[in-house]
Amino acid sequence: MAVDLAVLEAALGYEFRDRGPLIRALTHKSRAYEESQPGNGDPTDNERLEFLGDSILGFVVSDLLLRQFTSYREGELTKLRAQLVSATHLHEVAAALGLGEFLLLGRGEEMSGGRMKKALLADGVEAVLAAIYLDGGMDAACSFVRTHIVGNAAALEVAIPGVNDYKSSLQSLAQSKGLPQPRYTIVGSNGPEHAKVFTVEARVGAAWVGHAQGSSKKSASQRAAQIILERMAGA
């Protein structure tokens, strides 16, 4: 399958001077095995780039989070970093980039749905990151991570227990003031199934009400709780 790498470069926000590392980053071991030549001991798949990309990712994400969330303690930063470098999040990044259609797979992997496999796509993001680093240096790698991987950190943090857990904070505050425990109600949703937006109402007694939207019921609930907390703090 012929692919236009310029389309992928546009999605990545980076134009390669040498596309060699990019092609290698997209080459799964199943494809490399099919094309291998007898006596050629130099691996041509993306596994070594995955190894390098994993290390770069951990370092860059740690550095960016340290700068972005200046009030967070080590444990809070660790939880947020774990979310950002997880296979689940990297798979979402790969899907947003359309990375699957550019992967170079062997026939067997192609037939088994390799372009949709979570682990394979997450590994592909790490390999592409390494390719960007090899071609453009650390500044280019940092720019990619900042734009495509840490760009959603502010949204992700509200869904991680222990990191701005507004629901727990609101429950504790309500209890300390002798108020009823918070109640959360889904009052609406819209959008297609793969990109729904939920509206949640948080209520503490009759006096305190907050409405918020989010891409999940959990994130919307956290934001609604945050609204009430801020109102209580200002009262």
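Look up: the structure comes first, before these words.
Owing to the predicted nature of the structure, the values given are computational and were not obtained by experimental measurement.

Colleague: What am I meant to see in the overall build of the protein here?
Modeller: Of the regular secondary structure elements, the protein holds 12 helices and three strands. When the 235 residues of the protein are sorted by exposure, 40% land in the buried category. In the protein, once contacts between residues fewer than 6 apart in sequence are set aside, the share between residues at least 24 apart is 55%. Approximately 12,800 Å² of the protein is accessible, and the part contributed by carbon and sulfur atoms is 52%.

Colleague: Before we go on, may I ask you to explain the pairing of strand 3 (residues 208-214) in this structure?
Modeller: Remark: a regular strand shows side chains that alternate across the two faces of the sheet. Bridge analysis of strand 2 (residues 197-204) against strand 3 gives seven bridges, and the strand direction is antiparallel. Bridge pairing in strand 3 links Val204 to Trp208. Following strand 2, the chain reverses through three residues before pairing antiparallel with strand 3; Gly205 in that reversal takes a positive phi of roughly 65 degrees.

Colleague: What is the right way to read the side chain of Asp135 from this model?
Modeller: If you trace the backbone, Asp135 turns up in helix 8 (residues 118-136). A relative accessible area of 6% means that Asp135 is categorised as buried. Filtering out sequence-adjacent residues up to four positions away, Asp135 remains in contact with Tyr14, Glu15, Phe16, Arg17 and Asp18.

Colleague: Help me understand the sheet that holds strand 2 in this model?
Modeller: By way of backbone hydrogen bonds, the strands of a sheet pair with one another, either parallel or antiparallel. Read from one edge of the open sheet, three strands run 1-2-3, paired in antiparallel fashion. Strand pairing shows two members of the sheet lacking a second neighbour, strand 1 (183-190) and strand 3, which therefore form its edges. Neighbour to neighbour, the strand axes of the sheet diverge by 20 degrees on average, direction disregarded.

Colleague: In this structure, what is going on with the nonpolar core? I would like to understand it.
Modeller: Soluble globular proteins: nonpolar side chains tend toward being buried together. Within the largest apolar cluster, 46 residues are counted, with the highest numbers of intra-cluster contacts made by Leu26, Phe144, Val145 and Ile149. When contributions to this core are tallied by element, the ones reaching two or more residues are helix 1 (5-12), helix 2 (20-26), helix 4 (47-68), helix 5 (74-84), helix 6 (87-97), helix 8 and helix 9 (138-149). Considering every element that reaches this core, the biggest residue donor is helix 8, with 10 residues. Beyond its immediate stretch of four places on either side in the chain, Ile149 contacts Leu57, Val61, Leu84, His89, Leu90, Val93, Val125 and Phe144.

Colleague: Sorry, what's going on with the environment of Lys218 here?
Modeller: Tracing the backbone shows Lys218 in helix 12 (residues 217-234). The exposure class of Lys218 is partly exposed, given its relative accessible area of 46%. Each C-alpha atom, one on Lys218 and one on Phe198, is 9.3 Å from the other, the two residues being 20 residues apart in sequence.

Colleague: I keep staring at the packing of aromatic side chains and nothing clicks. Help me out?
Modeller: We describe a pair of aromatic rings using the distance from one ring centre to the other and the angle between the two ring planes. Within the structure shown, the criterion is met by one aromatic pair. When the ring of Tyr14 is compared with that of Phe16, the centres are 4.9 Å apart and the planes differ by 85 degrees; the resulting orientation is edge-to-face. Exposure remark for Tyr14: the relative accessible area of 16% places this residue in the buried category. Sitting over the face of the ring of Tyr184, Lys167 holds its NZ or CZ atom 4.6 Å from the ring centroid.

Colleague: Just checking my understanding: could you explain the packing of helix 8 against helix 9 for this structure?
Modeller: Helix-helix packing is described using two parameters, namely the angle between the two axes and the distance between the axes. The geometry of helix 8 relative to helix 9 is characterised by a closest axis approach of 7 Å and an angle of 145 degrees between their N-to-C directions. Here helix 8 contributes Val125, Leu129, Ile132, Tyr133 and Gly136 to the contact with helix 9, which in turn contributes Met138, Ala140, Ala141, Phe144, Val145 and Ile149. When the residues that make up the contact of helix 8 with helix 9 are grouped by side-chain class, the tally is 10 nonpolar, one polar and no charged.

Colleague: What is the right way to read helix 11 (residues 166-176) from this model?
Modeller: For an α-helix, the turn length of 3.6 residues means that residues three or four places apart are oriented alike. Within helix 11, the full set of buried residues consists of Tyr166, Leu170 and Ala174. Viewed end-on, helix 11 has its buried residues packed into an arc of 70 degrees, placing them on one side of the element. Within helix 11, the exposed residues directed more than 90 degrees away from the buried face are Gln175 and Ser176. Gly178 occupies a position one or two residues after helix 11 and carries a positive phi of about 70 degrees.

Colleague: Whenever I open this one, the pattern of salt bridges confuses me. Can you help?
Modeller: Opposite charge on two side chains permits them to pair, given that their charged atoms come into close proximity. Under the counting rule described, the total for this entry stands at seven salt bridges. Residues Lys117 and Glu109 are paired through a salt bridge, measuring 2.6 Å at the closest nitrogen-oxygen approach. Judged by its relative accessible area of 15%, Glu109 is buried. As a salt-bridge pair, Glu201 and Arg203 come within 3.4 Å of each other at their nearest N and O atoms. Residue Glu201 is classed as buried on the basis of its relative accessible area, which comes to 16%.

How each quantity is defined
Residues numbered from 1 in each chain as written. Predicted model: local features only at pLDDT ≥ 70, side-chain atom pairs only at ≥ 80, totals over all residues. Heavy atoms only, no water. Helix = DSSP H or I, 4+ residues; strand = E, 2+ residues; numbered from the N terminus. Buried < 20%, exposed > 50% of the residue type's maximum accessible area, 1.4 Å probe, protein only. Contact = heavy atoms within 4.5 Å. Areas by Shrake-Rupley, 256 points an atom, 1.4 Å probe, with all protein chains shown as cover. Pairing = 2+ DSSP bridges. Axes fitted to C-alpha atoms, helices over the stretch in contact; angles between N-to-C directions. Core = buried A, V, L, I, M, F, W, Y, C linked by side-chain atoms within 4.5 Å. Phe/Tyr/Trp six-rings, centres within 6.5 Å; stacked < 30°, edge-to-face > 60°. Lys NZ or Arg CZ within 6 Å of the ring centre and 35° of its normal. Nonpolar A, V, L, I, M, F, W, Y, C, P; charged D, E, K, R; others polar. Arc of directions from axis to C-beta. Salt bridge = Lys/Arg side-chain N within 4 Å of Asp/Glu carboxyl O.

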